[in-house]
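If you want the building blocks of each chain, they are given just below.
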Amino acid sequence: LILALCQPRIVRILEEPLTEGVGIAFAIDLSTSMWAGDMAERTTRLQAAKATVLRFLENREDDVGLVSFAGESLIRLPVTHDTYVVEMAVDEMEVGLLTDGTDIAGAIAAGAGLLRDAPHTSKVLILVTDGAHNKAGIVPAIAARAAAAFDVKVYPIAIGDEQGPRAAVNEMETVLTQTARITGGRYFRATDVEALEAIYDEIDRLEVASEVITEREESVPLGLWLMIGTIAFVVGANTLRGSRWGVLP
C-alpha cells in the first residue's frame, strides 16, 4: 500500500521518425513584359511560370506561400499546407494587378518575411522574373542579406528570350546571381518551357524533405497493480487467519 501511494511508473523513451517538408515561397513577376509569348507556341511567360509551379508541387508535401510583384510586391498567400488554396491563388495571378515595373528587392523581402517564422529546417524562395530591378529604395543585395539572416535560400529564375538592351540583361543577371550567392541558392535561366521544367526538376532534387527523429516519453503507472496486490494480500491474510492454518493469538 505504501508503494502504491508513491505512484511508481515505468518510463520508456520512444523514438519516432518525422518527415519534415520544405517551407517554400514563390515570387512571380506580373509586369507587362510577362505577356510575351516566347516560351512556347501560344504560351506567355506568365502561363509557363504558373504551369511549372503547379507541376513542381504535384508530388511534394510542402508548406507554400505566394508573392506577386511588379513595380510593387504583394503577399498573395501566407504559408499554407492547403494545396487547393495554393492552386487557386496561382491560377488567379494575372498581369495588370499591380503597378508596372520590376521590384526584385521587394519580392525578396516579402518572400523572406513569409518564411521568417516558418518552423522548417529548410526555407526556400523561388523567384521568377524576366526583367531587371528598376524600383527605387531598398536594393536587392540588402534584401538578399536579410533573407540570408532568416536562413532563406533564394533560387532566382530568369525566363524568356534575351530582349532589349544587352546592358539591362547583364544587370538583371548580375543582380540575380548576386542574390543567389548571398543566400546560398543558385541562379537559373530558362528560354523555353522545357528548360523551365528542367530547372524545377533540379530544385526538386536539391530541396528534399528531411527526416527528423523525435523522442516521445511514455509512462505506465503501477499504482493500480500494487493496490490490487494489496487487496489480494489483505483478503488472503484474513482468509488464512480464520482457517485451521491461521495463527492463533
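For the structure, check the block above.
Predicted, not measured: the structure shown is a model, and the values here were computed from it.

When helices and strands are tallied, the chain shows 8 helices and 8 strands. Considering the chain as a whole, with its 249 residues, one finds that 43% of them fall into the buried category. Restricting the contact set of the chain to residue pairs at least 6 apart, pairs at least 24 apart contribute 80%. Counting only carbon and sulfur atoms, one obtains 57% of the accessible surface of the chain, whose full area is about 13,700 Å².

This next bit is on the layout of surface pockets. Of the volumes computed, that of the second largest pocket is approximately 150 Å³. Surrounding the second largest pocket, Leu54, Leu57, Glu58, Arg60, Glu61, Asp62, Val64, Thr80, His81, Thr83, Val86 and Glu87 form its lining. When residues of the lining of the second largest pocket are traced back to their parent elements, those giving at least two are α2 (45-57) and α3 (83-91). Take the lining of the second largest pocket: its biggest share by element is 3 residues, from α3.

Turning next to a negative patch on the surface. A cluster of acidic residues, Glu58, Glu87, Asp91 and Glu92, forms a negative patch on the protein surface. Note on placement: Asp91 falls in helix α3. With relative accessibility at 42%, the residue Asp91 sits in the partly exposed group.

Now for a nonpolar patch on the surface. Where nonpolar side chains cluster on the molecular surface, the patch consists of Leu1, Leu5 and Met227 and spans about 320 Å² of accessible area. Within the secondary structure, Met227 sits in helix α8 (residues 223-241).

Paired through backbone hydrogen bonds, the strands of a sheet run either parallel or antiparallel to each other. Taken together, 6 strands build an open sheet; the order of strands is β4-β3-β2-β5-β6-β7 and the sheet is mixed. Whereas interior strands pair on both sides, the edge strands pair on one side only; in this sheet they are β4 (73-80) and β7 (188-190). When strand polarity is set aside, the average angle formed by the axes of neighbouring strands in this sheet is 15°. In this sheet, strand β5 (residues 123-129) lies alongside strand β2 (residues 23-29) in parallel orientation, the contact comprising 6 bridges.

Further remarks concern the packing of α2 against α3. The N-to-C vectors of α2 and α3 enclose an angle of 170°; their axes lie 10 Å apart at closest approach. In terms of axis orientation, α2 runs roughly antiparallel to α3. On the side of α2, the interface is formed by Lys50, Val53, Leu54 and Leu57, while α3 contributes Val86, Glu87, Val90 and Asp91. In terms of residue class, the contact of α2 with α3 is built from 5 nonpolar, no polar and 3 charged.

By size, the foremost hydrophobic cluster in this structure holds 34 residues, and its most contacted members are Phe26, Ile28, Ile126, Ile157, Ile159 and Tyr200. Elements with a contribution of two residues or more to this core: β2, α2, β3 (63-69), α3, β5, β6 (152-159), β7 and α7 (193-206). The greatest single-element share of this core, amounting to 6 residues, is contributed by α2. In this structure Ile159 touches Met34, Met39, Arg45, Ala49, Val128, Thr129, Asp130, Ala190 and Leu196, once residues within four positions along its chain are discounted. Membership of the second largest hydrophobic core comes to 22 residues, among which are Phe69, Leu114, Val154 and Met172.

On to α2. Taking 1.5 Å of rise per residue, 13 residues should cover 18 Å, and α2 covers 19 Å from first to last C-alpha, within 8% of that figure. Taken together, the buried positions of α2 are Arg45, Leu46, Ala48, Ala49, Lys50, Thr52, Val53, Phe56 and Leu57. Packing partners of the buried residues in α2 comprise β2, β3, α3, β5, β6 and α7.

What counts and how
- Residues numbered from 1 in each chain as written.
- Predicted model: local features only at pLDDT ≥ 70, side-chain atom pairs only at ≥ 80, totals over all residues.
- Heavy atoms only, no water.
- Helix = DSSP H or I, 4+ residues; strand = E, 2+ residues; numbered from the N terminus.
- Buried < 20%, exposed > 50% of the residue type's maximum accessible area, 1.4 Å probe, protein only.
- Contact = heavy atoms within 4.5 Å.
- Areas by Shrake-Rupley, 256 points an atom, 1.4 Å probe, with all protein chains shown as cover.
- 1 Å grid on protein atoms, 1.4 Å probe; cavity = no way out; pocket = protein on both sides within 12 Å on 5 of 7 lines; lining within 4 Å.
- Points joined across faces, edges and corners; volume = space filled by probe spheres on them.
- Patch = residues over 30% accessible without salt bridge, like charges linked within 9 Å, V, L, I, M, F, W, Y side chains within 5 Å.
- Salt bridge = Lys/Arg side-chain N within 4 Å of Asp/Glu carboxyl O.
- Lys, Arg positive; Asp, Glu negative; His and termini not counted.
- Charge placed at Lys NZ, Arg CZ, Asp CG, Glu CD.
- Pairing = 2+ DSSP bridges.
- Axes fitted to C-alpha atoms, helices over the stretch in contact; angles between N-to-C directions.
- Parallel < 35°, antiparallel > 145°, perpendicular 65-115°, else oblique.
- Nonpolar A, V, L, I, M, F, W, Y, C, P; charged D, E, K, R; others polar.
- Core = buried A, V, L, I, M, F, W, Y, C linked by side-chain atoms within 4.5 Å.
- Expected span 1.5 Å × (residues − 1).

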